[in-house]
Amino acid sequence: MRDLMAADNNDIRSVTDLYNALKYKKYSEVRRICHDHPEYVLQKISVYNGTALDMAAHSKQTDLVLDLLKILPADCNRKLSCIKNDDGNTVLHEVATSDAMKDAAEELLKRDEELLTASNDLGEKPIFRPARYGQTQMFDFLADKMELEKLSPEESKAHLLRNDGTIVLHISIATEGFGLVEKVAMRYRYLINERDRNSMTALQSIACNSSTFEARKLKGEFMEDIMNSKQKKKSMRKCEWEKGELELMMMLIRATTRALKLMGGAVERLINFDCSPFAAAKKLEERITLSNGVNMKIRNATKAVFKIKRGLLLIK
């Protein structure tokens, strides 16, 4: 790949034209310029040091990415995993943000398999990208290609963990990609008990996300699997789930989220399924000394939950 700094005026003009063609979505012009100058496909031209190929991938133009790969000289294929933008992302990191780019991802991996395990500056492999953007098909595709099931849990975990200790499961929970949360947990069950940089397990992260149960986005086998991971010797009666016991506890947790940030270990008491949510709330109020304002919030939230509980008992 030629150094743009050493290029003559004609080359600089052509690269500028290529950038503008990509910027203004004149893709036929992009194809023409790259056909005349195949080395421009991997020329870093964006303000973030992204290549023409990166920009096409970022715009989710599958056909254009495939056409540029056809133009790319064969001896450049080995360079793909080494070419990164200012964030350390490869072209596969860009492609992996969309299910629609699966064909492009497959072609890229045919040309350079090392793209699959190349990390960006955060320590994220490309498989983190579909987890962040909720792209289930792309996640399944990359997961199948990585074949982590053939490795031990400790070995495979290294590919699902980034520099700050965050795992791919927590990324999908944090971005509310709940359809993908279940896929990640079912494929890599050993991640369920892993703690993130805030020392929270998957269950605790879900419990602190106010939209999880309001929208009823998580249910069935996945939730049962998470619950079993927290209490291997205990089981919850199905009727308790049907009567909304879990949803009531989530309501209490949401009402006291800000207070919990000041309580440290107290969150463990709230998310302890050895007792009912109401007993947990009572213990919390008895054992933790907080400001009058915080105590008032907890008492009000607890009273509200008791009222709802009494209503459910009357319904029974």
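Given the structure is predicted, the values throughout are model-derived calculations rather than measurements. (Residues numbered from 1 in each chain as written. Predicted model: local features only at pLDDT ≥ 70, side-chain atom pairs only at ≥ 80, totals over all residues. Heavy atoms only, no water.)

Caption draft 1: Fine view of the overall build of the protein chain. Across its full length, the protein chain carries 20 helices and 0 strands. Each of the 316 residues in the protein chain was classed as buried or not, and the buried ones make up 47%. Nonlocal contacts in the protein chain, meaning residues at least 24 apart in sequence, comprise 67% of its contacts between residues at least 6 apart. (Helix = DSSP H or I, 4+ residues; strand = E, 2+ residues; numbered from the N terminus. Buried < 20%, exposed > 50% of the residue type's maximum accessible area, 1.4 Å probe, protein only. Contact = heavy atoms within 4.5 Å.)

Caption draft 2: Molecular detail of helix 6 (residues 102-111). Of all the residues in helix 6, the buried ones are Ala 104, Ala 105, Leu 108 and Leu 109. Viewed along the axis of helix 6, the buried residues span an arc of 135°, placing them on a single side of the element. The inward-facing, buried residues of helix 6 contact helix 3 (52-58), helix 4 (62-71), helix 5 (91-95) and helix 8 (136-146). (Arc of directions from axis to C-beta.)

Caption draft 3: View of the packing of helix 8 against helix 11 (residues 178-187). One way to put it is that helix 8 packs onto helix 11 with a least axis distance of 10 Å and a crossing angle of 20°. It follows from the interaxial angle that helix 8 and helix 11 lie roughly parallel. Crossing handedness for the pair helix 8 and helix 11: right-handed. Contacts between helix 8 and helix 11 involve Thr 136, Phe 139, Asp 140, Ala 143 and Asp 144 from the former and Gly 179, Leu 180, Lys 183, Val 184 and Arg 187 from the latter. Tallied by class, the residues present in the contact of helix 8 with helix 11 amount to 4 nonpolar, 2 polar and 4 charged. (Axes fitted to C-alpha atoms, helices over the stretch in contact; angles between N-to-C directions. Parallel < 35°, antiparallel > 145°, perpendicular 65-115°, else oblique. Left-handed = near helix turned anticlockwise from the far one by under 90°. Nonpolar A, V, L, I, M, F, W, Y, C, P; charged D, E, K, R; others polar.)

Caption draft 4: Broad picture of the side chain of Asn 120. Counting through the fold element by element, Asn 120 comes out in the loop between helix 6 and helix 7 (128-133). One polar contact links the side chain of Asn 120 to the main-chain amide nitrogen of Glu 124, over a distance of 2.9 Å. If sequence neighbours within four positions are ignored, Asn 120 has contacts with Asp 87, Gly 88, Asn 89 and His 93. (Polar contact = N/O pair within 3.5 Å; in protein donor to acceptor, adjacent residues only side chain to side chain.)

Caption draft 5: Layout of the pattern of salt bridges. This structure, assessed with the given rule, holds 14 salt bridges. Linking Arg 187 and Asp 140 is a salt bridge whose minimum nitrogen-to-oxygen distance equals 3.9 Å. Separated by 47 residues along the polypeptide, Arg 187 in helix 11 and Asp 140 in helix 8 bring together distant segments of the chain. By relative accessible area, which is 24% here, Arg 187 ends up partly exposed. (Salt bridge = Lys/Arg side-chain N within 4 Å of Asp/Glu carboxyl O.)

Caption draft 6: Region of interest: helix 11. Listing the buried residues of helix 11 in full gives Phe 178, Leu 180, Val 181, Val 184 and Ala 185. For helix 11, the angular spread of buried residues about the axis comes to 145°, placing them on one side.

Caption draft 7: Region of interest: the side chain of Glu 124. Examined against the element boundaries, Glu 124 turns out to sit in the loop between helix 6 and helix 7. Residue Glu 124 is classed as buried on the basis of its relative accessible area of 1%. Here Arg 132 takes part through its side chain, which lies 2.6 Å from a polar atom of the side chain of Glu 124. Polar side-chain contacts of Glu 124 include one of 2.8 Å to the side chain of Arg 162.

Caption draft 8: Structural context of the confidence of the model for the protein chain. Taken as a whole, the protein chain shows an average pLDDT of 77; of its residues, 62% reach a score of 70 or greater. Put simply, helix 15 (residues 238-242) is where the protein chain has its lowest mean pLDDT, 43, and helix 5 is where it has its highest, 98. This model gives residues 264-274 a pLDDT under 50, and the stretch forms 26 contacts once residues within four places in sequence are excluded. Within the model, the stretch residues 312-316 combines pLDDT values under 50 with 3 contacts to residues more than four positions away or in other chains. (pLDDT = per-residue confidence, 0-100.)

Caption draft 9: Quick look at the packing of aromatic side chains. Going through the model one piece at a time under the given rule, you end up with 2 aromatic pairs. Judged by centre distance (6.5 Å) and plane angle (75°), the rings of Phe 139 and Tyr 188 are edge-to-face. In this pair, Phe 139 sits in helix 8 while Tyr 188 sits in the loop between helix 11 and helix 12 (202-207), placing the two residues 49 residues apart along the sequence. On the accessibility criterion, Tyr 188 (0% relative accessible area) is buried. Here the aromatic rings of Tyr 188 and Tyr 190 are separated by 6.1 Å at their centres, their planes lie at 55°, and the arrangement is tilted. Under the relative-accessibility criterion, Tyr 190 is labelled partly exposed at 27%. (Phe/Tyr/Trp six-rings, centres within 6.5 Å; stacked < 30°, edge-to-face > 60°.)

Caption draft 10: Fine view of the environment of Asn 163. Checked against the element boundaries, Asn 163 lands in the loop between helix 9 (153-157) and helix 10 (168-174). Sequence separation between Asn 163 and Leu 122 is 41 residues; the distance between their C-alpha atoms is 5.8 Å.

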